[in-house]
Structures are given as structure tokens and as C-alpha cells.
Amino acid sequence: MSKESRMRATVNQKLTEMGERERLKELLRAKLTECGWKDQMKAHCKEVIKDKGLEHVTVEDLLVEITPKGRALVPDSVKKELLHRIRAFLAQHAT
Amino acid sequence: MKMEDMPLSGPDNTRLEALVHDIYSELVEDACLGLCFEVHRAVKQGCFFLDETDQESMKEFEIVDQPGVDIFGQVYNQWKNKECECPNCKRLIAASRFAPHLEKCLGMGRNSSRIANRRLASNNNMSKSESDQEDNDDLNDNDWSYGAEKKAKKRKSDKNQNSPRRSKSLKHKNGELGSSVGSEPYKYNYNPGISYETLGPDEVRSLLTTQCGVISEHTKKMCTRPSLPDGDPVGESNIFDIPDGQTLMGRLQWEDSPDISPTDSASSKASTNHSDSRRPKKKKTPSLGLNSGGGGGGGGGGGGSLSGGSSSSQSNISLPTKKKRPKLSAPSITSIYDDLN
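The structure displayed is predicted, hence computed values, not measured ones.

Reading the values: the criteria
Residues numbered from 1 in each chain as written. Chains lettered and ligands numbered in written order. Predicted model: local features only at pLDDT ≥ 70, side-chain atom pairs only at ≥ 80, totals over all residues. Heavy atoms only, no water. Contact = heavy atoms within 4.5 Å. Buried area = accessible area lost by both parts, 1.4 Å probe. Salt bridge = Lys/Arg side-chain N within 4 Å of Asp/Glu carboxyl O. Polar contact = N/O pair within 3.5 Å; in protein donor to acceptor, adjacent residues only side chain to side chain. Helix = DSSP H or I, 4+ residues; strand = E, 2+ residues; numbered from the N terminus. Expected span 1.5 Å × (residues − 1). Buried < 20%, exposed > 50% of the residue type's maximum accessible area, 1.4 Å probe, protein only. Patch = residues over 30% accessible without salt bridge, like charges linked within 9 Å, V, L, I, M, F, W, Y side chains within 5 Å. Areas by Shrake-Rupley, 256 points an atom, 1.4 Å probe, with all protein chains shown as cover. Phe/Tyr/Trp six-rings, centres within 6.5 Å; stacked < 30°, edge-to-face > 60°. Lys NZ or Arg CZ within 6 Å of the ring centre and 35° of its normal. UniProt positions renumbered as here; feature names shortened; annotations may be inferred. Core = buried A, V, L, I, M, F, W, Y, C linked by side-chain atoms within 4.5 Å. pLDDT = per-residue confidence, 0-100. Axes fitted to C-alpha atoms, helices over the stretch in contact; angles between N-to-C directions. Parallel < 35°, antiparallel > 145°, perpendicular 65-115°, else oblique. Nonpolar A, V, L, I, M, F, W, Y, C, P; charged D, E, K, R; others polar. Arc of directions from axis to C-beta.

Novice: Can you help me understand the interface of chain B and chain A in this one?
Specialist: It is common to give the size of an interface as the accessible area lost on bringing the parts into contact. Contacts between chain B and chain A engage 34 residues on the former and 43 residues on the latter. Approximately 3700 Å² of surface area, both sides summed, lies buried where chain B meets chain A, with 73% of it carried by carbon and sulfur atoms. Three residues stand out in chain B for area buried against chain A, namely Tyr24(B), Leu27(B) and Leu35(B), and they jointly supply 17% of the buried area on that side. Viewed at the interface, chain A and chain B are joined by 8 salt bridges. Residues Lys38(A) and Glu38(B) are paired through a salt bridge, measuring 3.5 Å at the closest nitrogen-oxygen approach. Here chain B is connected to chain A by 10 residue pairs in polar contact (both at pLDDT 80 or more).

Next comes the structure, spelled out in C-alpha cells:
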């Protein structure tokens, strides 16, 4: 599968080099804030912090708690749009 | 392998889709990580829980979501129907009309000062007109005040004293009197004191056979448009400067033109014979620097056409279109200039 991994590496490289990765990141962040995902996640964080205690909470703690819920809470529309854009990029620039 | 065409073969497509999803997951995790950093930083800096206070205040300022009431729990048009007492006039005014009422009542604000000024102005006019109208019965017929009328009339008359329109109309009139062709600029820079009484009959005749000779009412100048017996273009330089008789003698250039107006027929026919002998020089800049009086004198001296006098007088009134342009001899011109001077 080295061919595939090579291909993946190439794609990732292209994505970063052409600035598409950054653009996609910004797009996702904006959409998530817009749809209220960020506020939901923040509320969840509050609970986690209250559980763990304000003083001793670490980034890893938060991350572990947040990421699965975050992935699940992304609205379908946002997900679809992002997938569409990634596919379009690959179709256009991958060889 | 090409990825432009979407319906790919099975394994390639799934691999591609997997790749796409992987990329998507990376992006989402990146977003989550960013959020965690943000929250953690806020917690450690102590600004994460700032929007939360004690329970009592929280309850007090909770968002209200009832109909007929805003989110603060206040009713929208609660104060609409209330009445307030004006401190100035002690009346009860509706709340929505209170501010404008105060403006007028206290005499402050833009509108009230404007109204007051207008009232003062009209009062002044009224008093003024009344006093005048007692003296001038005629002006009682006017609908508006005499003062304003005088002002307006005065302004109007002042306006048009030196407007270009005025002088333009004068010039235009002069031009029309001189020629109905009207395309050339005829300039009348000679002395305005010309009158036919000062010239002898010969001079008048010769003058009028060569030029138009009409004296303008406005400028009292005689039109010096030359007559055109030979059909030469009338657009010659017909500039009449009269600085000095001597210089003018050298500059006199008249042309014969064939076209003769009906009124001038008798005189011009007579003078044509004489004018034909002299060939005209065209297109010289100071070609006709002459009084019509001087020119006529020159033509008369050369041709001696006395018959032209009577018909020429008619020409003054009738505005002939084309005239002969006789040549002028030098010595006769000076004599006429002496008359003028």
C-alpha cells in the first residue's frame, strides 16, 4: 500500500501547499460557530471543568472529553459541504 | 490515476472516499483542538466563568420569553397613553407629543425659531406696506406689499444693465439692418456722428451706391456693408477701422460684385461701369477700413453717379441684400473724413 500512502502524502502536501487546507479550516470554524456548535461545546466544557475541578484541568482532559462529542455534534449540512469541497479539490488537482 | 471523472471503479472510488473522509476528520479534530486551547486558556486566566454570577442575580436577569413582553419583561407601549403635565403651560400633553410641544412652548428648537423669524418678517412688511399705501393710492391695487415689489423691480432692473444679452441684441439688430445675409461681421467703428445732411449729394450718392448706409437707431452708426455687383463672396474682410484718413486711403480695397438689389438697381448700374474699371483685390486684411461716408465719397469721386442718390436713400429703408463694392480713390476719402471730423 505504499503507493496509496504515497498518494495520500502527495494529496496532503498539495492541500497544504496550495493553501486549501487553511481555507477549509477557516470555513469549518466559521460554519461551526454560526450553527451554534461552538457554544454547545463550550457548555460541555464547563461541565467537564466543574467535574474535574477548575484548578487542575488540562488540555488533554478537555480534548479527550470534547472530541468525540464534537465530531458527533457537527451538523450534517456542514459536513456535506466540507466533503464536497474536499472532493472537488482532489478532482481538480490530484493526478 | 485520473480523478476528474467521478464514477470511478470500485476500489479506487472507495479509496478516494476514504481519503476524503480522512481529510474531513482531520479538519474537525483541528477545530476541536482549537476550541480546547481557547477554553483552557480562559480557565487558567480566570475569565471563563465570568458570565456566571450568583444564583439570585441569575434568576433576576433571566431572559423572559413571554408574549406581549420584551426579553427584559417590560411591556412595549406602556407609556404611550400616559399624559404629562407641561411645566410651562400646565397642560396635560400625551407622552408621544410631549417633546415637540415643549419645543414650541419654550421657544427653543429649530422650528420655533424659524416660525418666529417668519412672523417678524411678515409683521415688518405689513407695517411698512401699510404706511406706504396710505400715501400711494395707486399701489393699493397691488396684491403684494409695495416694499417687496420695489425690491423685486429694482433687482430686476439692476440685473440686466450690463448683461451680454443686451449688447448682443443691439449688435444683432444693427447687423440685420445692414444685411439680410447676416453672416459677416459688420463692424461700425467709425465716428457715430454721421448724418446725411453733412454730406453733399454726390457724396451721399456715391456712398450709398457702395455701401448700405443704414444708420442704426441704437448706435447711430452707418452700416458699411459693401454692395456686391460681381457676385464675389461677401465674406471678405469688412472691417472698418477709422484711425486716420491717410492710412485708410492706402487700405481701401473694394470689390465689384454682380448682384444688385432691386432698389439699388438704378444707382448701382450706373456706378457699376465705373467700379468695373477697378479690379478689386480680395483677401487683404485691411481691405475696407473706411467710413461708409468716406467710401461713398471715393466712389462718387470716381464715378460721379448722381442718379444713385435718390435710389440710395430708398436703400436705407429697404435693406438690400447685396450691393456693389466700388473701389475708392484716395483723395476723395480725405475730404469726407474732414467732414466727419
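Novice: How should helix α5 (residues 76-93) of chain A be read in this particular structure?
Specialist: Look at α5(A): 26 Å from first C-alpha to last across 18 residues, which is about the 26 Å you get at 1.5 Å a residue. Burial in α5(A) covers these residues: Val78(A), Leu82(A), Leu83(A), Ile86(A), Phe89(A), Leu90(A) and Ala91(A).

Novice: Teacher, can you tell me more about the side chain of Thr67(A) here?
Specialist: Tracing the sequence through the fold places Thr67(A) in helix α4 (residues 59-73). Thr67(A) gets classed as buried once you look at its relative accessible area, which sits at 11%. Within the structure, the side chain of Thr67(A) is placed 2.8 Å from the backbone oxygen of Leu63(A), a separation counted as a polar contact. Beyond its immediate chain neighbours, meaning those up to four positions away, Thr67(A) contacts Glu29(B) and Cys32(B).

Novice: What is the right way to read a nonpolar patch on the surface from this model?
Specialist: A contiguous nonpolar patch, built from Ile63(B), Ile71(B) and Phe72(B) and spanning about 390 Å² of accessible area, is present on the exposed surface. Positionally, Ile71(B) belongs in the loop between α2 (55-60) and β1 (83-85).

Novice: Looking at this structure, how should I read the packing of aromatic side chains?
Specialist: Two numbers describe a pair of aromatic rings. These are the distance of the centres and the angle of the planes. Counted by the stated rule, this structure contains 1 aromatic pair over all chains. Look at Phe48(B) and Phe49(B): their rings are 5.1 Å apart centre to centre, the planes differ by 80°, and that puts the pair in the edge-to-face class. Here the two residues Phe48(B) and Phe49(B) agree in accessibility, since each one is buried. One residue, Lys46(A), lies across the ring of Phe48(B), its end atom 6.0 Å from the ring centre.

Novice: Mind showing me how you'd approach the UniProt feature "zinc finger region: SGF11-type" (unreviewed entry) in chain B here?
Specialist: As recorded in UniProt, the sites labelled "zinc finger region: SGF11-type" (unreviewed entry) are residues 84-105 of chain B. Regarding residues 84-105 of chain B, the helix share stands at 36% and the strand share at 23%, and the terminal C-alpha atoms are separated by 14 Å.

Novice: Even after reading the chapter, I still don't get unusual backbone geometry, so can you show me in this structure?
Specialist: Where the residue is not glycine, phi is negative for most of them; where a peptide bond is considered, it is trans in most cases. Backbone geometry at Lys90(B) places phi at a positive 65°, although glycine is not the residue there. Mapped onto the elements of the fold, Lys90(B) is located in the loop between β1 and β2 (92-94).

Novice: Please explain the nonpolar core as it appears in this structure.
Specialist: Counting residues in each nonpolar core, the largest one holds 39 residues, and the members touching the most others are Leu28(A), Ile49(A), Leu62(A), Ile86(A), Leu90(A), Val39(B) and Phe48(B). No other element matches helix α1 (residues 10-45) of chain B, which puts 14 residues into this core. In this structure, Phe48(B) is in contact with Lys42(A), Cys45(A), Lys46(A), Ile49(A), Val39(B), Ala42(B) and Val43(B), ignoring residues within four places of it in sequence. Membership of the second largest hydrophobic core comes to 6 residues, among which are Tyr196(B), Leu199(B), Val204(B) and Met222(B).

Novice: Which parts of the structure should I look at to understand the pattern of salt bridges?
Specialist: Per the counting criterion, the structure on display carries 14 salt bridges over all chains. Asp30(B) is paired through a salt bridge with Lys25(A); the nearest N and O atoms lie 3.0 Å apart. Highlighted residues: Asp30(B) in helix α1 and Lys25(A) in helix α2 (residues 20-34), drawn from two different chains. Judged by its relative accessible area of 19%, Lys25(A) falls in the buried class.

Novice: Explanation requested: the confidence of the model for chain B in the structure shown.
Specialist: Reading fine detail from the predicted coordinates is not recommended where pLDDT is low. Residue and element names in this part refer to chain B. Put simply, chain B has an average pLDDT of 65, and 43% of its residues get 70 or more. Mean pLDDT values for the elements of chain B range from 42 in helix α10 (residues 292-303) up to 90 in α1. A low-confidence stretch, residues 1-8 (pLDDT under 50), is modelled with 15 contacts involving residues beyond four sequence positions or located in other chains. In this model, residues 231-239 is a region of pLDDT below 50 whose contacts with residues beyond four sequence positions or in other chains number 34 contacts.

Novice: Is there a simple way to think about the packing of α2(A) against α5(A) in this case?
Specialist: For any two helices packed against each other, one specifies the inter-axial angle together with the distance between the axes. Residue and element names in this part refer to chain A. Running from N to C, α2 and α5 cross one another at 170°; their axes reach a closest spacing of 11 Å. Classified by the angle between their axes, α2 and α5 sit roughly antiparallel to one another. Residue-level contacts link Glu20, Leu24, Leu27, Leu28, Lys31 and Leu32 of α2 to Val78, Glu81, Leu82, Arg85, Ile86 and Phe89 of α5. Class assignment for the residues of the contact of α2 with α5 results in 8 nonpolar, no polar and 4 charged.

Novice: What should I look at first to understand helix α1 (residues 2-17) of chain A in this one?
Specialist: An α-helix turns once every 3.6 residues. As a result, residues three or four positions apart point the same way. All names here are of chain A. Here α1 contains 16 residues, and its C-alpha end-to-end distance of 22 Å stays within 8% of the 22 Å for a straight helix at 1.5 Å per residue. Buried within α1 are the following residues: Glu4, Met7, Val11 and Leu15. Buried residues in α1, looked at end-on, bunch into an arc of 75°, giving them a common side. For α1, the exposed residues set more than 90 degrees away from the buried face come down to Arg6 and Glu17. After α1 finishes, the residue Gly19 shows a positive phi value of roughly 80°.

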